[in-house]
Amino acid sequence: FIVSSGIAVSMVALHHALPKTPLYDPLHKAGRLRGLSSSDNTGPETNVVPLKMPYEELVEGFRKLHRRLLEDRVIFRRLSNKLRFLKNPLDSPHDPWSKKLAYLFRLFFFGILPGGFSRTYYFLRSILKSTPRSLATTVTDWIVSLSLKSYVDRHFDQAVSHTQTALQALREKL
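Residues numbered from 1 in each chain as written. Predicted model: local features only at pLDDT ≥ 70, side-chain atom pairs only at ≥ 80, totals over all residues. Heavy atoms only, no water.

Trainee: What is the right way to look at the nonpolar core in this model?
Mentor: One recurring pattern in soluble globular proteins is that nonpolar side chains are buried together. Core analysis: the biggest nonpolar cluster contains 11 residues, these being A8, I75, F76, L79, L107, I112, Y122, F123, V139, W142 and L146. Elements represented by at least two residues in this core include exactly α3 (72-85), α4 (97-112), α5 (116-129) and α6 (135-173). The residues contacting I75, other than those within four sequence positions of it, are L69, L70, W142, S145 and L146. (Core = buried A, V, L, I, M, F, W, Y, C linked by side-chain atoms within 4.5 Å. Buried < 20%, exposed > 50% of the residue type's maximum accessible area, 1.4 Å probe, protein only. Helix = DSSP H or I, 4+ residues; strand = E, 2+ residues; numbered from the N terminus. Contact = heavy atoms within 4.5 Å.)

Structure follows, in structure tokens:
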């Protein structure tokens, strides 16, 4: 759905049951809350214990979804679909061309080239598919997508290893 709808930037999160909300009490009574103190739903963890799958499977599926959405070819497909639906993208007339070219230069040398041939290929394809009016949208969406990819790369593995360490410590106590 995210790819075919052309949603360039999506927020997919695991739900957290917060105290004093309608979801919290039934889950608490059913013993389906984990002892997670954070309500940060940007990472691969939740305080809700799933019913029909192991917690680790839920988290791993969540991580795989994010990684799949942030593959270079999938970013290209999402942006292509977005431009297909977006008939009159907003332009940024308030920025001078020199500033726009500086954004493009920085994106290309610090975001696209480090991703290798595949990323360069899909980025150039998306630029070639863009109209002059949609070029700013294409560049902006690549910047945001690569920023999200960087966030996932830096935080998702760290969160999983923290969860695994906590689980190992719990197992040792038992």
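Trainee: Can you walk me through the side chain of N47 in this structure?
Mentor: The topology assignment puts N47 in the loop between α1 (24-29) and α2 (55-69). In this structure N47 comes out as buried when scored by relative accessible area, which is 7%. Of note is the side chain of N47, whose polar atom sits 2.8 Å from the backbone oxygen of A17. (Polar contact = N/O pair within 3.5 Å; in protein donor to acceptor, adjacent residues only side chain to side chain.)

Trainee: Sorry if this is basic, but what is going on with the environment of L18 here?
Mentor: In this structure, L18 sits in the segment before α1. For the pair L18 and N47, spaced 29 residues apart in sequence, the C-alpha to C-alpha distance is 8.8 Å.

Trainee: For this particular structure, what's the right way to read the confidence of the model for the protein chain?
Mentor: In the predicted model, the protein chain carries a mean pLDDT of 84, and 85% of its residues have values of at least 70. No element of the protein chain has a lower mean pLDDT than α6, at 74, and none a higher one than α5, at 96. (pLDDT = per-residue confidence, 0-100.)

Trainee: Even after reading the chapter, I still don't get unusual backbone geometry, so can you show me in this structure?
Mentor: The bulk of non-glycine residues show a negative phi, and the bulk of peptide bonds are trans. Although it is not a glycine, K20 sits at a positive phi angle of roughly 70 degrees. With respect to the helices and strands, K20 occurs in the segment before α1. You can call K20 exposed: its relative accessible area is 84%.

Trainee: Help me out: how do you make sense of α4 in this one?
Mentor: Here α4 has its buried residues at K100, L107, G111 and I112. For α4, the buried positions fall inside an angular range of 75 degrees around the axis, keeping them on one side. Every exposed residue of α4 that faces more than 90 degrees away from the buried side is listed here: S98, L101, R106 and F110. (Arc of directions from axis to C-beta.)

Trainee: Even after reading the chapter, I still don't get the pattern of salt bridges, so can you show me in this structure?
Mentor: Opposite charge on two side chains permits pairing when their charged atoms draw close. Scanning all chains against the criterion turns up 6 salt bridges. R73 serves as the salt-bridge partner of E71, at 3.2 Å between the closest nitrogen and oxygen. The exposure class assigned to R73 is partly exposed, which follows from its relative accessible area of 38%. Where D153 meets K149, a salt bridge forms, and the shortest distance between an N and an O atom there is 3.8 Å. Of this pair, D153 and K149 both sit in helix α6, separated by 4 residues, roughly a single helical turn. Overall, D153 belongs to the partly exposed group, its relative accessible area being 37%. For K149, a relative accessible area of 22% puts it in the partly exposed group. Put simply, R67, K149 and D153 are held in one network by salt bridges that share partners. (Salt bridge = Lys/Arg side-chain N within 4 Å of Asp/Glu carboxyl O.)

Trainee: Would you take a moment to explain the packing of aromatic side chains for this structure?
Mentor: Between two aromatic rings, the relevant description is the distance of the centres plus the angle of the planes. In this structure the tally under the stated criterion is 8 aromatic pairs. Here F105 and F109 contribute two aromatic rings whose centre-to-centre distance is 4.5 Å and whose plane-to-plane angle is 50 degrees, an arrangement assigned as tilted. Placement of the pair is F105 and F109 together in helix α4, with a separation of 4 residues, close to one helical turn. Under the relative-accessibility criterion, F105 is labelled partly exposed at 48%. A relative accessible area of 40% places F109 in the partly exposed class. Their ring planes at 80 degrees and their centres at 5.7 Å tell us that F123 and W142 sit as a pair that is edge-to-face. Here F123, found in helix α5, pairs with W142, found in helix α6; they are 19 residues apart in sequence, far enough to count as distant. The pair formed by F123 and W142 is uniform in burial state, with each residue classed as buried. Of the aromatic side chains, those joined through ring pairs into one cluster are F105, F108, F109, F123 and W142. (Phe/Tyr/Trp six-rings, centres within 6.5 Å; stacked < 30°, edge-to-face > 60°.)

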